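Chain by chain, the residues:
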Amino acid sequence: MPLIDLRSDTVTRPTEAMRTAMARAEVGDDVYGEDPTVLALQDRVAALFGHEAALFTPTGSMANVLGVRALVAPGQEVLCESSAHIARAELGAHGAFSGITMRTWTGDRGQVDLPMVQRLFAPDLGPFFVRTTALSVENTHNFAGGAVLPIVDLLALRAYADEVGSRIHLDGARIWNAHVATGVPLASYGAVADVLSVCLSKGLGAPVGSLVVGPAALIEEARIWRKRMGGGMRQAGILAAAGLHALDHHVERLADDHTHARLLAEACGADPAAVDTNIVVVERADAPAFVAAAKDQGVLVSAVGPRTVRLVTHLDVSTADAEQAARTLASIA
Ligand SMILES: Cc1ncc(COP(=O)(O)O)c(C=O)c1O
């Protein structure tokens, strides 16, 4: 029985057409800045978000580390939501590599809580307190079940950051999902952030690759830090070609993943209206047993807490797969 893998949108395998694009990519040594396909991808992504420059990185985590450190100096802090990927799932990289501390607010479904941000924000208060130099938001929010952060809230945060002289980092690993779900242009999301990271290897289905996007001077500096961290890749155009192909063919289809996610939510007894994009979070007292029973019947889902099950739709889950998984999960639920 073929497995239907709903553990993550990172499990996709490149399509034949993507592999062909990769095989045909023109390449050069990207550490020398000579890979034409990487340069084309960087220019295209920077333009999509209305920024001056972008830098290709192997992972979203590296793009976040480079992006946050571009805004926050060692010994300073970034404020973010308590279940943000940068706080929970980057293994302390921002502290370990960049000497940055974090304080967090807890937002319902990962949302921006502006009054709480205002309470936490510490400008230069003299020699006794850590200084806040950036605010970070995640859109869509992974651990909040793919929740979209409404553009009005991001604009309000931008206005506050401008008022107090702070800067904004946006973890846009799944910004494509937010764009397709809401119709908000990518450039509008780009405009609220000083620096953002975006991933090609989640919903867009590329095997590898992310970018950090922002002003040319910060991206030039990020390029040095990427090399320092061991992320300078050589004929990386083979990977960048997958990203260019994904931008051409795999953005608008994310709407299918969102439809499939709502179908699966309903099957599991969750409210489909609460599913913004491609991630479904289901609260179940028997989460590990539910995951095991689903696996026995050919559907892979994850337990992301003792009482929380997560399902993620993606490029390799067809409508037939989603319907089959929904039937299986409904029978277990
Ligand atoms: C919101 C978010 N940001 C960043 C990342 C990091 O991406 P990577 O796994 O490529 O390091 C992830 C990975 O799932 C994510 O969900």
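As a starting point, this report considers the structure included with it. (Residues numbered from 1 in each chain as written. Predicted model: local features only at pLDDT ≥ 70, side-chain atom pairs only at ≥ 80, totals over all residues. Heavy atoms only, no water.)

## A short note on the packing of helix H1 (residues 16–23) against helix H11 (residues 237–249)
Then, in step 1: At their nearest, the axes of H1 and H11 sit 8 Å apart, and the two run at 135° to each other. Here H1 lies oblique to H11, going by the angle between them. The hand of the H1/H11 crossing is right-handed. In this structure, H1 uses Ala17, Met18, Ala21 and Met22 to contact H11, whose residues at the interface are Ile238, Leu239, Ala241, Ala242, His245 and Ala246.
Then, in step 2: A breakdown of the residues in the contact of H1 with H11 according to their chemical character gives nine nonpolar, one polar and no charged. (Axes fitted to C-alpha atoms, helices over the stretch in contact; angles between N-to-C directions. Helix = DSSP H or I, 4+ residues; strand = E, 2+ residues; numbered from the N terminus. Parallel < 35°, antiparallel > 145°, perpendicular 65-115°, else oblique. Left-handed = near helix turned anticlockwise from the far one by under 90°. Contact = heavy atoms within 4.5 Å. Nonpolar A, V, L, I, M, F, W, Y, C, P; charged D, E, K, R; others polar.)

## Some details on empty space enclosed by the protein
Here the idea is plain: a probe the size of a water molecule rolls over the atoms and shows the empty space left.
Then, in step 1: Taken as a whole and judged by the stated rule, the model has one cavity of 30 Å³ or more.
Then, in step 2: For the largest cavity, the calculated volume is near 40 Å³.
Then, in step 3: Ranked by residues supplied to the lining of the largest cavity, first place goes to strand S5 (residues 132–138) with three residues.
Then, in step 4: Along the lines of polarity and charge, the residues of the lining of the largest cavity split into five nonpolar, three polar and two charged. (1 Å grid on protein atoms, 1.4 Å probe; cavity = no way out; pocket = protein on both sides within 12 Å on 5 of 7 lines; lining within 4 Å. Points joined across faces, edges and corners; volume = space filled by probe spheres on them.)

## A closer look at the sheet that holds strand S12 (residues 308–312)
Then, in step 1: With antiparallel pairing, three strands are arranged side by side in an open sheet as S9-S12-S11. With one partner strand each, in any of the chains shown, strand S9 (279–283) and strand S11 (302–305) form the two edges of the open sheet. On average, adjacent strands in this sheet sit at an angle of 35° to one another, irrespective of strand direction.
Then, in step 2: Summarising the sheet, S9 and S12 pair through five bridges and their orientation is antiparallel. Paired with Val280 across the bridge in S12 is Leu311. (Pairing = 2+ DSSP bridges.)

## Some remarks on the pattern of salt bridges
Then, in step 1: Enumeration over the complete set of coordinates arrives at eleven salt bridges.
Then, in step 2: Notably, a salt bridge pairs Arg226 with Asp30, separated by 3.4 Å at the nearest N-O pair. With a gap of 196 residues between them, Arg226 in helix H10 (residues 216–228) and Asp30 in the loop between H1 and helix H2 (36–48) connect regions that are remote in the sequence. For the pair shown, Arg226 and Asp30 are each scored as buried.
Then, in step 3: We note a salt bridge from Arg109 to Asp276, for which the minimum N-O separation is 3.6 Å. Placement of Arg109 in the loop between strand S4 (101–105) and helix H6 (114–120) and of Asp276 in the loop between helix H12 (254–267) and S9 is noted, with a sequence separation of 167 residues between them.
Then, in step 4: Looking at Arg109, the relative accessible area reads 32%, which means it is partly exposed.
Then, in step 5: Residue class for Asp276 comes out partly exposed when judged on its relative accessible area of 22%.
Then, in step 6: Salt bridges linked by common partners bring Arg158, Asp162 and Asp194 together as one network. (Salt bridge = Lys/Arg side-chain N within 4 Å of Asp/Glu carboxyl O. Buried < 20%, exposed > 50% of the residue type's maximum accessible area, 1.4 Å probe, protein only.)

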